Amino acid sequence: MTDPDDCGCGDYEVSRRSVLKAAGLASMAGVATSMFGDVMTSTVYGAGDGNVLVVVSLRGGADGLSMVVPHAESAYYAARPSTAVAANSLLFRDATFGLHPAFIKLSPLWLLGQMAAIHAVGLPAPNRSHFEAMELVEDADPGSAARVGWVNRMVSGLAASPDVFDGIQVGSTLTPTALLGPAPVLATGQFSDLAGPFPKDAALRSRVTGSLRAQYARYGGTIGSAGVNALTMSERAAAIDDTVNEGPLAGVTYPQYSQLGEALKTTAGLIRANVGVKAVAVDAGGWDHHVDLQWRINESIDELAQCLAAFYLDLGLSAGRVTVVTLSEFGRRLQENGASGVDHGYGNAVFVLGGGVKGGRYYSRWPTLSSGRQIDGDLAVTTDYRSVLTEILRSRFPSLDTSKVFPGISYSPLGFMT
Amino acid sequence: MTRMSASTTPKVLSTPNQHIASRFSFGVNEYLISDIGSSRSATKWLERQFAWSKLGDTKGDAVINWFPHLRDQPAKAWTNHQNEDHTAYAYGRDLCAYTLAMKVATRRQVREVMADVWSNLFYIPMGEGRSFPWRYSFDAMIRSRSLGSFRSLLRGAVLHPAMSGWLNNSSNTKYGINENLGRELLELFTVGRPAGYDEDDVKNSARILTGFRVKMFDSFAASYDPELHYVGRIRVLGFSHANSSKDGRTAVNAYLDYLARHPATATRIARRLCVRFVSDTPSSSIVSAVAKAYRASDTDIKATLRALVRHPDFQASKRKKVRTPIEDVVNAARVLGLRPTGCSTERSFPLHLLWMAEGVGQSQFGWPRPDGFPETSAIWASPARVLRSWNNHYDLAGNWWRSAEVYLPARKDQLPSAWPRALGQLVEHQARMLLGRGAPSDLQSAVASALNLPLAYEFNSAAEVTEWTWALIRGAVLNLPEGMLR
């Protein structure tokens, strides 16, 4: 997946940079508080009013045909006798498409023109394997041996000296493919438990962390830089946690028992805290609907819509600088299977919400579902998902060289960003 | 056995033996070192471990008795779930706690490590609705076949009612094909994507698997119904079968054997084993040597592992793998001498291990997708993970969660028998006991600094080593970068 070896040879630059950073902090250890404040302040100046990209991964292969329903196509209703969404139940119908009724909680965003749906998006070639497709979507530079995730390339492109808080995955401590690469990244469940050893005993804490810093810097390699970054992070996490824990803003309710809601609540707090976050990856599993598509996707969409609606409210004054994009590794088969579900397919729908979006409408080079236009019985792809991401990045991060983030793609904008 | 820790400088294994033991166990503790001592080398120890049925294991055998529900019949489990007497989640949690307790307690460490490897390949998450009544039966099957042939393991796993439920084969019939299991059989369990199968192969792979039934959300009874089996020629890659009989089980077995013996499966399994036991980026030389042994032995797992250990890359990979959070808490428990003795309360040690690993981002059987946790270790080297593991190490070293149902050796029985001892000597003693090697010099200074004592400070008896001092020494040893690696 990435440079896994612990020799450290692959990421010497990172280790060195982290160690230099660490050394800088250590030399000011006598004035811990102001040093701490200094780090925080510089980040705020650097990126306090910067734009943020939030990538919500709908893992499992979401059924785009149920989310953005091509209601004018008889082929859709013919292929899904027990699972099609009735045309008269759809929201915001135009001549071709309509939204699944469970998106109702996002209607305000749609009506305000802050949410757009894009159809027939996907990988340039079909890949019905969850795992390979997900790697490809997240890594976005197929064929590159370096396996550097695109979020990481974006972070590297935006900052001269990437900071460990620039790219953050919320909801898991696993580092996903999109984040892997030379810029330091952080994967966390929440911030309250990022305190280092002995948080309540300042003297002991400083002696113990001082030793750990020296030991991990001495060892180097993957584990060495993880350890050094861990210490830098724990020093700042406490302050961030205070802000995160203030949320959600009054009047905002996330759905109960929703992990996606928890992750987005943390994310909103983090963005409001102005600590220089540029990209956040959020994971939402449970979209692999091989059985009982109808009620399962109804619940999945309802949860997604409630969470995103709450998230936008919760961002408060920061909402204008945050753009959310939903991605999924592939769409589902047009034809339903024997268990009222749908197996793995190809073309899919993508949603873009928030800052910079010309929403309230659908965008697509719609290939139709006519039999001659299907790919092995599935919706074709007419827009590379990397082109969608490029369009967002160009609009929201104009200083970024997108050709370095997505090398070698053919860019064909749909015009959904301002 | 004489207590190793009684010595001022406890003996450590030779580096090659330590490496074998560290990769093929969940933690090198003094019982394991004593087993290796009586086998005279780790290679011979490995052979004795391969013949696990001949190894007495009273501590491991006791563990299942703490979880009486795990042996409930599937129909009973479903009834219990519906009545909320014992829900699917409770069954799942039992299985997780059982699994962690086994990792710590069993003397059959190699079998346990291999059961972990195969459970992660044929992965079924805990407490999942369509599989939970059969999940322990699946687990027991994996454990019993984990050092046999891959061919037998593949049949056992793919055709098991738990797998049938989880990957929807129970709703795959000739009247409505469900591709889920047929696809993952090719992609995840055997040949893998590079073998070049196409979508017709996937459909055929699903067709041949029709006929296996589970009475889902009812009695969960498993059966084979020839009336639901798709009849007609099946072609998948180079496999072809007339499949003309209503009872397709002979055809299915031939198909699974074909896949198990396929060169692409050999390479894929070899690579997976190398990633687990050698390095995240194994050389093509070791992968092909291991694949060759797999094929030459007709998929024998022991022969495959022997080839892996024999290859020079294996010994060259010392401390190149980051322990996963689960491996990390289990290793810490084992080397610290903590052992579960039951699981009847919310504070019992096996559950504490479960929550500790979960807090670091890895919950036993908590991965949501059929591909299992990543076997690569760099993915576990995020800063947040390292930070939380540091805290876990102190919590375990001091038993600061105050776990119930855990055996804790008395401090005096873990310390040298000769007194006085200087602080520096105690640090060296614990580095040898917990890491199997001498203390790096920055460990000595780290402990002295944490305790605010000079290294020459003398303790005159075991009683003078307070609980606090002891936890700080042992936490610092486990928190070394070397302590995070295997």
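Not measured: the values here are computed from a predicted model.

Novice: Any chance you could break down the pattern of salt bridges for me, citing the residues and the numbers?
Specialist: Summed over all chains, the structure comprises 37 salt bridges over all chains. Here Glu179 of chain B ties to Arg333 of chain A by a salt bridge, and the two come within 2.5 Å at their closest N and O atoms. Of this pair, Glu179 of chain B sits in the loop between α10 (161-166) and α11 (180-189) while Arg333 of chain A sits in the loop between β8 (322-327) and β9 (348-354), which puts the two residues in different chains. No difference in accessibility class separates Glu179 of chain B from Arg333 of chain A, as the two residues are buried. Across the salt bridge formed by Arg333 of chain A and Glu199 of chain B, the nearest N and O atoms sit 2.9 Å from each other. On the criterion of chain membership, the pair formed by Arg333 of chain A in the loop between β8 and β9 and Glu199 of chain B in helix α12 (residues 199-208) is interchain, its members lying in two chains. Each member of the pair, Arg333 of chain A as well as Glu199 of chain B, carries the same accessibility label: buried. Each of Arg333 and Asp378 of chain A together with Glu179, Arg183 and Glu199 of chain B takes part in a single network of salt bridges with overlapping partners.

Novice: I'd like a description of the packing of helix α14 (residues 263-277) of chain B against helix α15 (residues 284-296) of chain B, backed by residues and values.
Specialist: Residues and elements named next belong to chain B. Running from N to C, α14 and α15 cross one another at 125°; their axes reach a closest spacing of 8 Å. The angle between α14 and α15 falls in the class oblique. In the packing of α14 onto α15, the handedness of the crossing is right-handed. Residues Pro263, Thr265, Ala266, Thr267, Ile269, Ala270, Arg271 and Cys274 of α14 form the contact with α15, whose participating residues are Ile286, Val287, Val290, Ala291, Tyr294 and Arg295.

Novice: Residues and numbers for the interface of chain A and chain B, please.
Specialist: The partner chain B presents 58 residues to the 58 residues of chain A that form the contact. Both sides together, the interface formed by chain A and chain B hides about 4,800 Å², and carbon and sulfur atoms give 60% of it. Counting across the interface, chain A meets chain B through four salt bridges. On the surface where chain A and chain B come into contact, there are 12 residue pairs in polar contact (both at pLDDT 80 or more).

Novice: Just give me the short version of helix α13 (residues 249-261) of chain B, but keep the residues and values in it.
Specialist: Given a rise of 1.5 Å per residue, 13 residues ought to cover 18 Å, and the 18 Å separating the end C-alpha atoms of α13 of chain B matches this to within 8%. Of the positions making up α13 of chain B, those classed as buried are Ala251, Val252, Tyr255, Leu256, Asp257, Leu259 and Ala260 of chain B.

Definitions and limits used
Residues numbered from 1 in each chain as written. Chains lettered and ligands numbered in written order. Predicted model: local features only at pLDDT ≥ 70, side-chain atom pairs only at ≥ 80, totals over all residues. Heavy atoms only, no water. Salt bridge = Lys/Arg side-chain N within 4 Å of Asp/Glu carboxyl O. Helix = DSSP H or I, 4+ residues; strand = E, 2+ residues; numbered from the N terminus. Buried < 20%, exposed > 50% of the residue type's maximum accessible area, 1.4 Å probe, protein only. Axes fitted to C-alpha atoms, helices over the stretch in contact; angles between N-to-C directions. Parallel < 35°, antiparallel > 145°, perpendicular 65-115°, else oblique. Left-handed = near helix turned anticlockwise from the far one by under 90°. Contact = heavy atoms within 4.5 Å. Buried area = accessible area lost by both parts, 1.4 Å probe. Polar contact = N/O pair within 3.5 Å; in protein donor to acceptor, adjacent residues only side chain to side chain. Expected span 1.5 Å × (residues − 1).

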